[in-house]
Amino acid sequence: MSEYTKDDCFIFTTLSNHFFGSDHKSTLSYGDFHRFIRNFQLEVWEFQFMLFSTSKKDLTELEFAKMIYSHISLPLHHQEQCFKHLEAKSHSNFLNRISFEEVCKFFTLLNNLNNFSYALNLCNLSNDPLTHAEFQRAVNASCGFKFQPDVVSSIFNIFSADNNGKLSVNEFISMLQNWRQSFIFKELAQPQTLLDNYKQCVRSKIMQSSFK
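Residues numbered from 1 in each chain as written. Predicted model: local features only at pLDDT ≥ 70, side-chain atom pairs only at ≥ 80, totals over all residues. Heavy atoms only, no water.

- Under the annotation held in an unreviewed UniProt entry, the protein carries the name Calcium uptake protein 3, mitochondrial and is attributed to Trichinella papuae.

Below you can see the structure in the form of structure tokens.
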């Protein structure tokens, strides 16, 4: 928060003044710090949104795909196939539009990827291609919200390896795990109880067995 001089004296920074006051005698609560991180995270997400949105109001499905692929290391031919498929849809005016609120939901999903992966495997025990309903149940169980149906269709279109609108659970999770963390910040962890630790252990074991 603050920097030291050679004489070990504090140099008060803008951030330290914000957290602890100009005299550095104020205290910073966990709630205030969590709120600061959350607001900062939203600013970064909005920057990403505005960077790719031509309308500055929403994203086309193609713009959403370009934003996603800018942070995922995938073979170039896979990206080109996806963009070509979405561009063909755009000429037919079949592309969905994604609001900033829905983009924030997607980023939140990435922040909760471990819990989402666990929920997704429980919702799709048969390992059949993932359905929209299973995806929504897993999102709701791990994040506490659901996407708009059109956004779910867009996610399936973007991440479908064969551009057929179908997703393999393992393939989908693998692609999400490939997401670069350059602009995505983890949610601050809440204090852990013994029960939380036990649940985390169970989730880890299930995930290990699911991806073997």
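### Here we look at the packing of aromatic side chains
Given two aromatic rings, their pairing is described by the distance between the two centres and the angle made by the two planes.
Stage number 1. For the structure shown, the criterion picks out 16 aromatic pairs.
Stage number 2. The interplanar angle of 55° and the centroid separation of 6.0 Å between the aromatic rings of F135 and F172 together place this pair among those described as tilted. Linking F135 in helix α7 (residues 132-143) with F172 in helix α9 (residues 169-177), this pair joins segments that are 37 residues apart in sequence.
Stage number 3. Look at F172 and you get buried, because its relative accessible area is 1%.
Stage number 4. Plain terms: the ring middles of F159 and F172 are 5.2 Å apart, the flat faces sit at 75° to each other, and that makes the pair edge-to-face. Here F172 lies in helix α9 and F159 lies in helix α8 (residues 149-159), a separation of 13 residues in the sequence. (Phe/Tyr/Trp six-rings, centres within 6.5 Å; stacked < 30°, edge-to-face > 60°. Helix = DSSP H or I, 4+ residues; strand = E, 2+ residues; numbered from the N terminus. Buried < 20%, exposed > 50% of the residue type's maximum accessible area, 1.4 Å probe, protein only.)

### Concerning the side chain of T60
Stage number 1. Mapped onto the fold, T60 is located in strand β3 (residues 58-60).
Stage number 2. Of the residues examined, T60 reaches a relative accessible area of 14% and is grouped as buried.
Stage number 3. In contact with T60, not counting residues within four places along its chain, are N96, R97 and I98. (Contact = heavy atoms within 4.5 Å.)

### A word on the environment of S55
Stage number 1. Along the chain, S55 turns up in the loop between α2 (30-52) and β3.
Stage number 2. In this structure the side chain of S55 is engaged in a polar contact, spanning 3.0 Å, whose partner is the side chain of D58. (Polar contact = N/O pair within 3.5 Å; in protein donor to acceptor, adjacent residues only side chain to side chain.)

### Regarding the packing of helix α3 (residues 61-69) against α8
Stage number 1. It is the contact of α3 with α8, at a shortest axis distance of 10 Å, that shows an interaxial angle of 55°. With respect to their mutual orientation, α3 and α8 come out oblique. The way α3 lies across α8 gives a crossing that is right-handed. Facing α3, whose interface residues are E61, F64, A65, I68 and Y69, α8 presents S154, I155, N157, I158 and F159.
Stage number 2. Counted by class, the contact of α3 with α8 contains seven nonpolar, two polar and one charged residues. (Axes fitted to C-alpha atoms, helices over the stretch in contact; angles between N-to-C directions. Parallel < 35°, antiparallel > 145°, perpendicular 65-115°, else oblique. Left-handed = near helix turned anticlockwise from the far one by under 90°. Nonpolar A, V, L, I, M, F, W, Y, C, P; charged D, E, K, R; others polar.)

### Here we look at the packing of α3 against helix α5 (residues 100-111)
Stage number 1. At a minimum axis distance of 13 Å, the contact between α3 and α5 shows a crossing angle of 30°. Judged by the inter-axis angle, α3 sits roughly parallel to α5. For the pair α3 and α5, the sense of crossing is right-handed. Residues F64, M67 and I68 of α3 touch α5, and the partners they reach there are V103, F106 and F107.
Stage number 2. For the contact of α3 with α5, the residue count by class is six nonpolar, no polar and no charged.

### Describing the pattern of salt bridges
Stage number 1. Tallied over the entire structure, the rule returns three salt bridges.
Stage number 2. Linking D58 and R97 is a salt bridge whose minimum nitrogen-to-oxygen distance equals 3.0 Å. A residue pair is termed long-range when its members are at least 10 positions apart, and D58 in strand β3 and R97 in strand β4 (residues 97-99) qualify at 39 residues.
Stage number 3. Here D58 falls in the buried class, since its relative accessible area comes to 18%.
Stage number 4. The class of R97 is partly exposed, set by a relative accessible area of 47%. (Salt bridge = Lys/Arg side-chain N within 4 Å of Asp/Glu carboxyl O.)

### Digging into α2
Stage number 1. Under the 1.5 Å per step criterion, the end-to-end length of α2 is 33 Å for 23 residues, consistent within 8% with the ideal 33 Å.
Stage number 2. Considered for burial, the residues of α2 that qualify are Q41, V44, W45, Q48 and F49.
Stage number 3. Residues of α2 that are buried sit in contact with β3, α3, β4 and α5. (Expected span 1.5 Å × (residues − 1).)

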